[in-house]
Amino acid sequence: MSHLKEKLYEKIQQHRPRTRKLLKDHGDVVVDQVTIGQIIGGMRGLKSLVTDISYLDPNEGIRYRGYTLPEVFEKLPKPKGAEMPYVEGLVYLLLTGDIPNEEEIAEVVDEFSARRILPRYVYEVIDSFPCCSHPMTIFSAAIMTLQRESFFVKKYQHGMRKEDYWDPTYEDGMNLIAKLPEIASYIYWKLYREGNRIQSNPNLDLAGNFAHMMGKKKPYDDVARLHFIIHADHESGNVSAHTGHLVASTLADVYLSIASMVNGLAGPLHGLANQEVLRWLQDLMEKMGGGEPTEEDLKKFVWDTLNSGQVIPGYGHAVLRKTDPRYTAQRDFCLTHLPDDPIFKYVDMLYKVVPDILLEHGKAKNPWPNLDAQTGVIQWHYGVQEYDFYTVLFGVGRAIGITANLIWDRALGYSLERPKSLTTGMLEKIANKANKK
Ligand code: NMX
Ligand code: MLT
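In short, a report on the structure. (Residues numbered from 1 in each chain as written. Chains lettered and ligands numbered in written order. Predicted model: local features only at pLDDT ≥ 70, side-chain atom pairs only at ≥ 80, totals over all residues. Heavy atoms only, no water.)

1. Observations concerning the overall build of the chain
Summing up its helical and strand segments, the chain has 20 helices and three strands in all. A principal-axis box enclosing the C-alpha atoms of the chain has dimensions of 70 × 65 × 45 Å. Considering the chain as a whole, with its 437 residues, one finds that 53% of them fall into the buried category. For the chain, long-range pairs separated by at least 24 residues make up 76% of all intrachain contacts whose partners lie at least 6 apart in sequence. Within the structure as shown, the chain displays about 20,600 Å² of accessible surface, and the carbon and sulfur contribution to it stands at 53%. One finds the centroid of the 51 positive side-chain charges in the chain at a distance of 6 Å from the centroid of its 56 negative side-chain charges. (Helix = DSSP H or I, 4+ residues; strand = E, 2+ residues; numbered from the N terminus. Buried < 20%, exposed > 50% of the residue type's maximum accessible area, 1.4 Å probe, protein only. Contact = heavy atoms within 4.5 Å. Areas by Shrake-Rupley, 256 points an atom, 1.4 Å probe, with all protein chains shown as cover. Lys, Arg positive; Asp, Glu negative; His and termini not counted. Charge placed at Lys NZ, Arg CZ, Asp CG, Glu CD.)

2. Some points on the packing of helix α16 (residues 325-337) against helix α17 (residues 342-361)
Two quantities define a packed helix pair, namely the angle between the axes and the distance from one axis to the other. In the contact formed by α16 and α17, the axes pass within 11 Å of each other and the chain directions differ by 135 degrees. Put simply, α16 runs oblique to α17. For the crossing formed where α16 meets α17, the hand is left-handed. Seen from α16, the contacting residues are Tyr327, Arg331, Cys334 and Leu335; seen from α17, they are Phe344, Val347, Asp348 and Tyr351. (Axes fitted to C-alpha atoms, helices over the stretch in contact; angles between N-to-C directions. Parallel < 35°, antiparallel > 145°, perpendicular 65-115°, else oblique. Left-handed = near helix turned anticlockwise from the far one by under 90°.)

3. A few points about the pairing of strand β1 (residues 54-57)
Taking every second residue as pointing to the same face, the buried face of β1 carries Ser54 and Leu56, while none of Tyr55 and Asp57 on the other face is buried. Examined bridge by bridge, β1 and strand β2 (residues 61-64) share four bridges and lie antiparallel to one another. Looking at the pairing, Leu56 lines up with Ile62 of β2. Taking the residues between adjacent antiparallel strands as the criterion, β1 and β2 are bridged by three residues. (Pairing = 2+ DSSP bridges.)

4. Remarks on the side chain of Thr145
One can find Thr145 in helix α7 (residues 135-145). With relative accessibility at 18%, the residue Thr145 sits in the buried group. In this structure Thr145 touches Tyr121 and Val125, once residues within four positions along its chain are discounted.

5. Here's the deal with the site of ligand 1
Taken together, the neighbourhood of ligand 1 is formed by 21 residues, with His270, Gly314, Tyr315, Lys365 and Asp372 sitting nearest. Note that an oxygen atom of ligand 1 is positioned 2.9 Å from one of the side-chain N or O atoms of Arg44. His270 places a polar side-chain atom, nitrogen or oxygen, 2.6 Å from an oxygen atom of ligand 1. In isolation ligand 1 offers 880 Å² of accessible surface; the protein chains occlude 76% of this area. Of the residues that constitute the shell around ligand 1, the class distribution is 12 nonpolar, five polar and four charged. (Near = heavy atom within 4 Å. Polar contact = N/O pair within 3.5 Å; in protein donor to acceptor, adjacent residues only side chain to side chain. Nonpolar A, V, L, I, M, F, W, Y, C, P; charged D, E, K, R; others polar.)

6. Description of the site of ligand 2
Close to ligand 2 lie His234, Asn238, His270, His317, Arg326, Phe394 and Arg398, which account for all nearby residues. Within the side chain of Asn238, a nitrogen or oxygen atom sits 3.4 Å from an oxygen atom of ligand 2. One of the side-chain N or O atoms of His317 is found 2.7 Å from an oxygen atom in ligand 2. The protein chains hide 87% of the 260 Å² of surface that ligand 2 would expose on its own. Looking at the shell around ligand 2 residue by residue, the class counts come to one nonpolar, four polar and two charged.

7. With respect to the environment of Ser54
Within the fold, Ser54 resides in strand β1. The buried category is assigned to Ser54, whose relative accessible area is 3%. Counting along the chain gives 216 residues from Ser54 to His270, while the straight-line C-alpha distance between them is 18 Å. Setting aside chain neighbours within four positions, we find Ser54 in contact with Ile62, Arg63, Tyr64, Arg65, Asp233, His234 and Glu235. Side-chain polar atoms of Ser54 contact the side chain of Asp233, separated by 2.8 Å. Reaching out from Ser54, the side chain makes a polar contact with the backbone nitrogen of Glu235 at a distance of 2.8 Å.

8. Considering unusual backbone geometry
For the peptide bond that leads from Lys218 to Pro219, omega is 5 degrees, which places it in the cis range. Structurally, Pro219 can be placed in the loop between α10 (206-213) and α11 (220-231). Of note in this structure, Met43 is not a glycine but carries a positive phi near 55 degrees. Among the structural elements, Met43 can be located in the loop between α2 (36-40) and β1. Judged by relative accessible area, which is 43%, Met43 ranks as partly exposed. Even without being a glycine, Leu251 presents a positive backbone phi close to 75 degrees. Residue placement: Leu251 occurs in the loop between α12 (239-248) and α13 (254-265).

9. Some remarks on the pairing of β2
Examined bridge by bridge, β2 and strand β3 (residues 67-68) share two bridges and lie antiparallel to one another. If you follow Tyr64 over to β3, its bridge partner there is Tyr67. Between the end of β2 and the start of β3, which pair antiparallel, lie two residues, with Arg65 showing a positive phi angle near 45 degrees.

Written out as structure tokens, the structure is:
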């Protein structure tokens, strides 16, 4: 057993009595109430899920295992000469709650390297997609294709004790995370570079190898590290995390669950917003004829978008009420590495005008930018300009956090998810009764 897996098992054994006690001794304690507004309005804010992998504070933003993003970037070890930490360190942190040392990270780097090889049939499935298929569709299908490799399915069919479910889930999860950069980079070459591809380098860390397979020089390895780390998790209620958890609650394996997660991410109100931001910016830049816009030009463009009934992509959030720290982390990277990039300048000018306009517009509860507002700028700057690919990159990162969640879901024996629905008539009755009081 690897050190990481041993450590994880130790943590699981320590944690299990806490969950058992909560269920057994405090199962009836009321945590939250639900309103009609929440039932019709997408369960916004309803406290109904549990995870220890990450927690999202509306004002502070995400914490991974209790650490803010700046703390994660400061504490996790970095490859020699790199500005950003190892993604492998984040995997270790999310799974165990501990900051790994260099030696512990090196073992995870080796583990991913050993699990990377993609079966031939995955390339063939990607090759066989009809032209104009969206990269997220191909990404999801490629993950589904790998489902035949699931250890969980084999073990389950042979009969497995519930407390052992986490083990083959870990194996499936680690195998899949290791393969995702290979799948993503091959989709890129297939769709935009006539199917040539760069072979993986077994001596590189996961993000370094991704940059290598994308054919990108430094600092794109740090771009990949930054990207995968900030996209990894956003507690359990967002659509991709929730979908992954929901599907896995049926004991569907990691491949089925992560493919579902990818499908959830592919909607424009969620992960696809990063492609929408670039599409919208290109439209803006075209209107400006390549020149620098004035503040008035930008205000007009933003109002035109709103007045035509569309949302401003990359702005707003279901939970956050301040600028997303993932936006700030990417903005800081831009300020250091690409301060004069023309798209960055547009994005930064928009940061100055959009929040006030959204406040005046009066609808969005959060007028501040989310992470998607900055992602494409960085990718575009380093030559990844096919913006329909950006959500695949989000998916590679997100799979890391969701896999950690799925392993822990199994370890703690979380139940099949099955909330109760009501009819509109029933809600009307409840509303009338409440009004009579
Ligand atoms: N531009 C225009 N209108 C907005 C925006 C925005 N950026 N954000 C929210 N609104 C509207 C929203 O459409 C809703 O209108 P209506 O009452 O007509 O349905 C109203 O404001 C209230 O919505 P909120 O409660 O503030 O937001 P909600 O929690 O429902 O949705 C988002 C959150 C993120 C879906 C929403 O802010 C949005 O559509 N943003 C733009 C798309 C985007 O950037 N998505 C990426 C989110 C991050 N991610 O990667 O997942
Ligand atoms: C995410 O990273 O999943 C998004 O910010 C959406 C969310 O948290 O609701």
